[in-house]
Amino acid sequence: QVQLVESGGGLVQAGGSLRLSCAASGVIIQINAMGWYRQAPGKQRELVAVRTSGGTTNYADSVKGRFTISRDNAKNTVYLQMNSLNPEDTAVYFCNADILPRFPGYSRTFWGQGTQVTVSL
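Each chain carries its own residue numbering, running from 1 in the written order of its sequence. Only residues with pLDDT of at least 70 are given local features in this predicted model, and only at 80 or more are side-chain atom pairs given and counted; all residues enter the totals for whole chains, interfaces and linings. Side-chain figures throughout are based on the complete set of non-hydrogen atoms in the structure, without hydrogens or water.

Asks: Residue-level account of the side chain of Arg66, with values.
Replies: You can see Arg66 is positioned in the loop between strand E6 (57–59) and strand E7 (67–72). Here a polar contact is taken to be a pair of N or O atoms separated by no more than 3.5 Å, where protein atoms must pair a possible hydrogen donor with a possible acceptor and residues adjacent in sequence count only if both atoms sit in side chains. Separated by 2.8 Å, the side chain of Arg66 and the backbone oxygen of Ser62 make a polar contact. The criterion used for residue contact is that any of the two residues' heavy atoms lie within 4.5 Å. Apart from residues no more than four positions distant in its own chain, Arg66 is found in contact with Gln81, Met82, Asn83, Ser84, Leu85, Asn86 and Asp89. A run of H or I in DSSP counts as a helix once it spans at least four residues, and a run of E counts as a strand once it spans at least two, with each numbered from the N terminus.

In C-alpha cells, the structure reads:
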C-alpha cells in the first residue's frame, strides 16, 4: 500500500549536479523520517542524508557541503540536491522512510527500488 517512488537519477559529468526526488504514496498516518542511502558495487549501503519530520538532518561526512536534503511534508516527498558530484558518488541511491501507515498500523522502514547515479570523469 505504501510505496516510495524515486526519480532524478542519471548520468552526469564530474562537477555537475543532480536532484533526486522520492515521493511516498499510500495511506500514511505519519512519516518520522525520510532520507537517502547509496550503495556502490562491492560496497555496503551507507547513509547519505536523512531528515526527520522535525527538521533534524544528518549527512555522511563525504557529502557534507555538497548535498542538501529537503522535504515537502505536504507532498510526502524528499529531495536530494547533489552538487559538485564526483565519481565517488557513483552508486545506486535508495530512498528510505520510516513510516507509520494506516494499515497495518505499525511503523516500519520502507525502501524505494533505487535509482542509478553515475558520475563520469
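Additional details are given in the paragraphs that follow.
Asks: Run through the pairing of strand E8 (residues 77–82), naming residues and quoting values.
Replies: Exposure is judged per residue with a 1.4 Å probe applied to protein chains only, and the accessible area is read against the type maximum: over 50% gives exposed, under 20% gives buried, and values in between give partly exposed. For E8, the tally of buried residues reaches five of six residues, placing the bulk of the element in the interior. For strand E3 (residues 18–25) and E8, the ladder comprises six bridges, and the chain directions are antiparallel. Considered in E8, the bridge of Ala23 is made with Thr77. Note on pairing: DSSP must find at least two bridges between two strands before they are called paired. Relative to E8, E7 runs antiparallel, the two being bridged by six bridges. Considered in E8, the bridge of Thr68 is made with Gln81. A loop of four residues connects E7 with E8, the two strands running antiparallel in sequence, and Asn76 in this loop sits at a positive phi of about 50°.

Asks: Could you give an account of the nonpolar core, naming the residues involved and the relevant values?
Replies: Formed by 30 residues in total, the largest nonpolar core has its most connected members in Trp36, Leu80, Met82, Tyr93 and Ile99. Every element with two or more residues in this core is listed here: E3, strand E4 (28–39), strand E5 (46–52), E7, E8, strand E9 (91–101) and strand E11 (115–120). Ranked by residues supplied to this core, first place goes to E9 with five residues. Beyond its immediate chain neighbours, meaning those up to four positions away, Leu80 contacts Leu18, Arg19, Leu20, Trp36, Val48, Ala49, Phe67, Thr68, Ile69 and Tyr93. Only buried residues count toward a nonpolar core. Its members are Ala, Val, Leu, Ile, Met, Phe, Trp, Tyr and Cys residues joined through side-chain atoms within 4.5 Å.

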